[in-house]
Amino acid sequence: MASSNDNKSTEGGFQDGNSDPNDEETNELCPGFKDVDAFVKYGLGAVLSATKASAGLPQAGDDYDFYRSFPGFQEFCESQGDKLLHLMSQIMQHHGCRSHMRDRNKLTGLEERFDLVVDSNDTILERAGILLDEADGVNRSQQPVMPAGFQPPKIVVSSWNRKGSGSGSRPETFRLLHAKNVARPQLKFKEKVDNSNTPFIPKIFIKPNATKPLPSYFTNKQIRKERPEDLDVPAALADFIHQQRTQEHVEDMFAHPYQYELDHFTTPENLLSKPEVQMYKPMAETKCSFIDTLEDLVALNEKLCKLSEFAVDLEHHSYRSFLGLTCLMQISTREEDFIIDTLELRSEMYILNEAFTDPATVKVFHGADSDIEWLQKDFGLYVVNLFDTHQASRALNLARHSLDHLLKHFCNVDSDKRYQLADWRIRPLPDEMVQYARTDTHYLLYIYDSMRAQLLEFHHGQPGLLQSVWNKSKDISLKKYLKPIFTEESYLELQRKQKKSFNTQQLTAFRLLFAWRDKLARQEDESTGYVLPTHMMSKISEELPKEPQGIIACCNPVPPLVRQQVNELHLLVQQAREMPLLKVSKDGCQQWAYVLSLETKSDQTSLSVAHMKASRIIESFENPFRMVRGDSLKGGGKKRERVASEVGESTPKPSKKLMKSADKPQKTEPPSQESFTPFDYSQSDLSVFAGTKSKSNTQFDPNRQAPDFKKKKSNFGAGNRSMSYMAGKSERGFRHNWPKR
């Protein structure tokens, strides 16, 4: 009774407290919910709690594999998994999708389930987008379409996305941020984005804090890029001249500019001793400055050069750009936070190299593997004296290594990751996104102090463990950005990940679509996932539609560039369908038939030893009745008498040359039957099969008959009709002078 009352009170908490109970009973949308807003509000809370619970599940490895070895835990996981699959199947059935989620096939079950989930997600998200557009009035209003340009983000606030107050806290509103017609930041860049299929060359042309000077190639980069002397020659010749001119600088072009400085960098002693943990200032009491002008950026660089440490983080966007865009940089000191608009100051960000490469200043990052590459790619920035809190978390063997876990563990701060995948190209930035960006670096210096202290305590005051974190962080600083280079075999790696066995037509379609997607993505500066997602490309390659409408049917929702160029895709699919149909292994290597290639070669002497062995094996599988058929045709249908083998080699397999000679008519006249007496095999000596060595030669020779053959009894059965005998020793190349028939 108590539990039922609690459930009723809980359900009633989602309804309006001022409404009449009688009206609720008569006008309820469904049991326990007055209207759609109440139901959606409850559903959003359930989704958020489920998302948090799924994020808290243990990853594969560590303790999970240990507990997985217990039968009770394994049975519990399997039962819960079956329940989840059943619920997912019900959701798919409700939306009219395929829902065979409980396939027990060990080989294809997981792959089919993944395809079902992807297709269902696409269908459900497309329907949700249509319903949201209708609720927003997009389809009902007749307003003219706004031209592409800047528009402030629209914030949708309703009763269903308002979090109820609890424990005395103020109600919080979840704001769905979406920007339409965002101006492409690439159009405003002073230096055009280089999406060419050439290796990445560092953008640096000034090297602050240098122990080894910058190579001359980078200092003269602007002059080399213009190439004024090549304007009057053809483009191909100009490229050749430029390639020859820069050939002597290849090592400098692709080397890390700060390789020498990082190799000779040693961690100062004060950073290996126990630090004094400095408490962070409350965020409300910390000044935050937004940097979007060159003057403010120069002033910030001067401040950073005077500090002993500062924290850095980046916000990146990769969906509407081929190589990706670094949209925001957050820098926090002990006293102040800075937000830098890197889209506006993209060509001036190199100024910060003076502070970022100062070996006396510690730069604190969390998970800097991608950040180091983005700094090089977009700004030509490099980092010397880096400390990565992610590597420190691994050294401390914490439960999780994400930044939100470190914030909760050290600062008791609940981070909000709703904007982690937001479109950071939006300008001006909403307050919620600014607060999220500040949180990533505001507490990072305090975490840096705390982790250094724990690393020393964990290792009994010895700096060995802390030194290993510094070394791993230095290795991350040495990473170099590498552009994605397209080759003729680039599609094979992606095709292997699909774990699908394609034939030659399907593999050709996959290769052509992969090349088309890469080329168009570079031209339009869009990501390959935006041009044509991989699962859609695999679907088109597998189905090979005969009509353009079939290509559209394989894409749900249809990417804009696919709809625009569906005819070109149709031609590529037709080209793939014209390929000869052969089986292809999973690794994409065609299983060509060596038999066909051997038959086309007329010069057998030029074949390798392996090919000769292969030809002998193939010859051994010739029709065994071929010789009998040839003799019967010559002899007028008479049955061939069994005689000794006409092959001098000790092998039971007939020779191909002798087969062909048997088919041809004999030019020489055969001797008369009176001059040839067939050998009586019933009187043969079968001791060669006994396994013991005889003193005499064990090679059978009908010209040399032993005088005591008739005294020996033969066990040779009538059913054993071998045409020749295996000798004890083979004498290759030796031929006997057999009598002719």
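Residues numbered from 1 in each chain as written. Predicted model: local features only at pLDDT ≥ 70, side-chain atom pairs only at ≥ 80, totals over all residues. Heavy atoms only, no water.

Looking at an unreviewed UniProt entry, one finds the protein chain named Exosome complex component 10, with Anabas testudineus as its source organism. According to its UniProt record, the protein chain has this under Sequence similarities (unreviewed entry): "Belongs to the exosome component 10/RRP6 family." Under the UniProt heading Cofactor (unreviewed entry), the entry covering the protein chain gives this text: "Mg(2+)". (UniProt positions renumbered as here; feature names shortened; annotations may be inferred.)

A. Structural view of the overall build of the protein chain. When helices and strands are tallied, the protein chain shows 30 helices and 10 strands. When each of the 741 residues of the protein chain is scored for burial, the buried share is 34%. Put simply, 67% of the contacts in the protein chain that link residues at least 6 apart link residues at least 24 apart. By element, 54% of the accessible surface of the protein chain is carried by carbon and sulfur atoms, the whole surface being about 46,700 Å². (Helix = DSSP H or I, 4+ residues; strand = E, 2+ residues; numbered from the N terminus. Buried < 20%, exposed > 50% of the residue type's maximum accessible area, 1.4 Å probe, protein only. Contact = heavy atoms within 4.5 Å. Areas by Shrake-Rupley, 256 points an atom, 1.4 Å probe, with all protein chains shown as cover.)

B. Seen up close, the packing of helix 15 (residues 389–396) against helix 19 (residues 464–477). For the pair helix 15 and helix 19, interaxial distance at closest approach is 9 Å and the crossing angle is 140 degrees. When you trace helix 15 past helix 19, the crossing you get is right-handed. Touching Gln-391, Ala-392 and Ala-395 of helix 15 are Leu-465, Val-469, Lys-472 and Ile-476, all from helix 19. Among the residues forming the contact of helix 15 with helix 19, the class breakdown is 5 nonpolar, 1 polar and 1 charged. (Axes fitted to C-alpha atoms, helices over the stretch in contact; angles between N-to-C directions. Left-handed = near helix turned anticlockwise from the far one by under 90°. Nonpolar A, V, L, I, M, F, W, Y, C, P; charged D, E, K, R; others polar.)

C. Summary view of the nonpolar core. Residues Trp-516, Val-531, Leu-532, Met-537, Ile-540 and Leu-569 are the most contacted members of the largest nonpolar core, which totals 34 residues. Contributing elements (two or more residues each) for this core: helix 20 (490–498), helix 21 (504–524), helix 22 (528–531), helix 23 (534–543), helix 25 (560–564) and helix 26 (566–577). Examining the composition of this core, we find that 9 residues originate from one element, helix 21, more than from any other. Once residues within four sequence positions are removed from consideration, Trp-516 is found in contact with Val-531, Leu-532, Leu-561, Val-562, Gln-565, Glu-568, Leu-569 and Leu-572. (Core = buried A, V, L, I, M, F, W, Y, C linked by side-chain atoms within 4.5 Å.)

D. Representation of the sheet that holds strand 10 (residues 386–388) within the structure. Sheet architecture is open: 6 strands sit in the order 5-8-7-6-9-10, paired in mixed fashion. This sheet does not close on itself; its edge strands, each paired only once, are strand 5 (287–291) and strand 10. Between one strand axis and the next, the sheet turns through 25 degrees on average, direction left out of account. As judged from the 3 bridges shared by strand 9 (residues 362–365) and strand 10, these two strands associate in the parallel manner. Paired with Val-364 across the bridge in strand 10 is Phe-387. Relative to strand 10, helix 19 is tilted by about 110 degrees, and along the sheet it contacts strand 9 and strand 10. (Pairing = 2+ DSSP bridges.)

E. Expanded view of the packing of aromatic side chains. Counted by the stated rule, this structure contains 14 aromatic pairs. Summarising the aromatic geometry, the rings of Phe-200 and Tyr-481 are spaced 5.0 Å apart at their centres and angled 85 degrees between planes, so their arrangement reads as edge-to-face. Here the residue Phe-200 occupies a position in the loop between strand 4 (176–178) and helix 7 (216–219), and Tyr-481 occupies one in the loop between helix 19 and helix 20, the gap between them amounting to 281 residues. For the pair Phe-200 and Tyr-481, a shared accessibility class is recorded, and that class is buried. Ring centres 4.7 Å apart and planes at 80 degrees place the aromatic pair Tyr-280 and Tyr-443 in the edge-to-face group. Of this pair, Tyr-280 sits in the loop between helix 11 (259–263) and strand 5 while Tyr-443 sits in the loop between helix 17 (431–442) and helix 18 (444–458), placing them 163 residues apart in sequence. In this structure Tyr-443 comes out as buried when scored by relative accessible area, which is 9%. Clustering of aromatic rings is evident, with ring pairs tying together Phe-33, Phe-39 and Tyr-42. Positioned above the aromatic ring of Tyr-258 is the side chain of Lys-207, whose terminal nitrogen or guanidinium carbon lies 5.1 Å from the ring centre. (Phe/Tyr/Trp six-rings, centres within 6.5 Å; stacked < 30°, edge-to-face > 60°. Lys NZ or Arg CZ within 6 Å of the ring centre and 35° of its normal.)

F. Local environment of the pairing of strand 6 (residues 309–317). Of all 9 residues making up strand 6, 9 are buried, and the element is well covered by its neighbours. Side chains of strand 6 alternate between two faces, with Glu-309, Ala-311, Asp-313, Glu-315 and His-317 and Phe-310, Val-312, Leu-314 and His-316 buried alike. Across 3 bridges, strand 6 lies against strand 9 in parallel orientation. Considered in strand 9, the bridge of Glu-309 is made with Val-362.

G. Geometry of the pattern of salt bridges. Going through the model one piece at a time under the given rule, you end up with 22 salt bridges. Salt-bridge contacts for Arg-452 lead to Asp-449; the nearest nitrogen and oxygen are separated by 3.8 Å. Placement of both Arg-452 and Asp-449 in helix 18 is noted, with a separation of 3 residues, approximately one turn of the helix. With respect to class, Arg-452 is no different from Asp-449; both count as buried. (Salt bridge = Lys/Arg side-chain N within 4 Å of Asp/Glu carboxyl O.)

H. Main features of helix 17. Helix length check: helix 17 (12 residues) gives 16 Å between terminal C-alpha atoms against 16 Å at 1.5 Å per residue, within 8%. With 9 of 12 residues buried, helix 17 is to be regarded as a mostly interior element. When we look at burial in helix 17, the residues that qualify are Met-433, Val-434, Tyr-436, Ala-437, Arg-438, Thr-439, Asp-440, Thr-441 and His-442. (Expected span 1.5 Å × (residues − 1).)

I. Structural view of helix 14 (residues 368–379). The end-to-end C-alpha distance of helix 14 is 16 Å, a good match for the 16 Å that 12 residues give at a rise of 1.5 Å each. Of all the residues in helix 14, the buried ones are Ala-368, Asp-371, Ile-372, Leu-375, Gln-376, Lys-377, Asp-378 and Phe-379. If you follow the buried residues of helix 14, they end up packed against strand 6, strand 7 (325–332), helix 13 (353–356), strand 9, strand 10 and helix 19.

J. Region of the structure containing the side chain of Glu-336. Secondary-structure assignment places Glu-336 in strand 8 (residues 336–341). Of the polar contacts made by the side chain of Glu-336, one reaches the side chain of Ser-289; its length is 3.0 Å. Excluding its chain neighbours within four sequence positions, the residues that come into contact with Glu-336 are Thr-286, Lys-287, Ser-289, Lys-303 and Ile-331. (Polar contact = N/O pair within 3.5 Å; in protein donor to acceptor, adjacent residues only side chain to side chain.)

K. Structural detail: a nonpolar patch on the surface. Residues Phe-66, Tyr-67, Phe-70 and Phe-73 make up a contiguous nonpolar surface patch of about 400 Å² in total accessible area. Structurally, Phe-66 can be placed in helix 4 (residues 63–68). Residue classification places Phe-66 among the partly exposed positions, given a relative accessible area of 48%. (Patch = residues over 30% accessible without salt bridge, like charges linked within 9 Å, V, L, I, M, F, W, Y side chains within 5 Å.)

L. Seen up close, a negative patch on the surface. On the surface, Asp-292, Glu-295, Asp-296 and Glu-344 cluster together into a negatively charged patch. Following the sequence through the fold, Asp-292 ends up in the loop between strand 5 and helix 12 (294–305). (Lys, Arg positive; Asp, Glu negative; His and termini not counted. Charge placed at Lys NZ, Arg CZ, Asp CG, Glu CD.)

M. View of the pairing of strand 8. The buried fraction of strand 8 is high, at 6 of 6 residues. Alternating positions in strand 8 separate into two faces, Glu-336, Phe-338 and Ile-340 on one and Asp-337, Ile-339 and Asp-341 on the other, with burial throughout. Relative to strand 8, strand 5 is paired through 5 bridges, and the arrangement is parallel. Among the inter-strand pairings, Cys-288 is bridged to a residue of strand 8, identified as Asp-337. Alignment of strand 7 against strand 8, held across 5 bridges, turns out to be antiparallel. Bridge pairing in strand 8 places Ile-331 opposite Phe-338.

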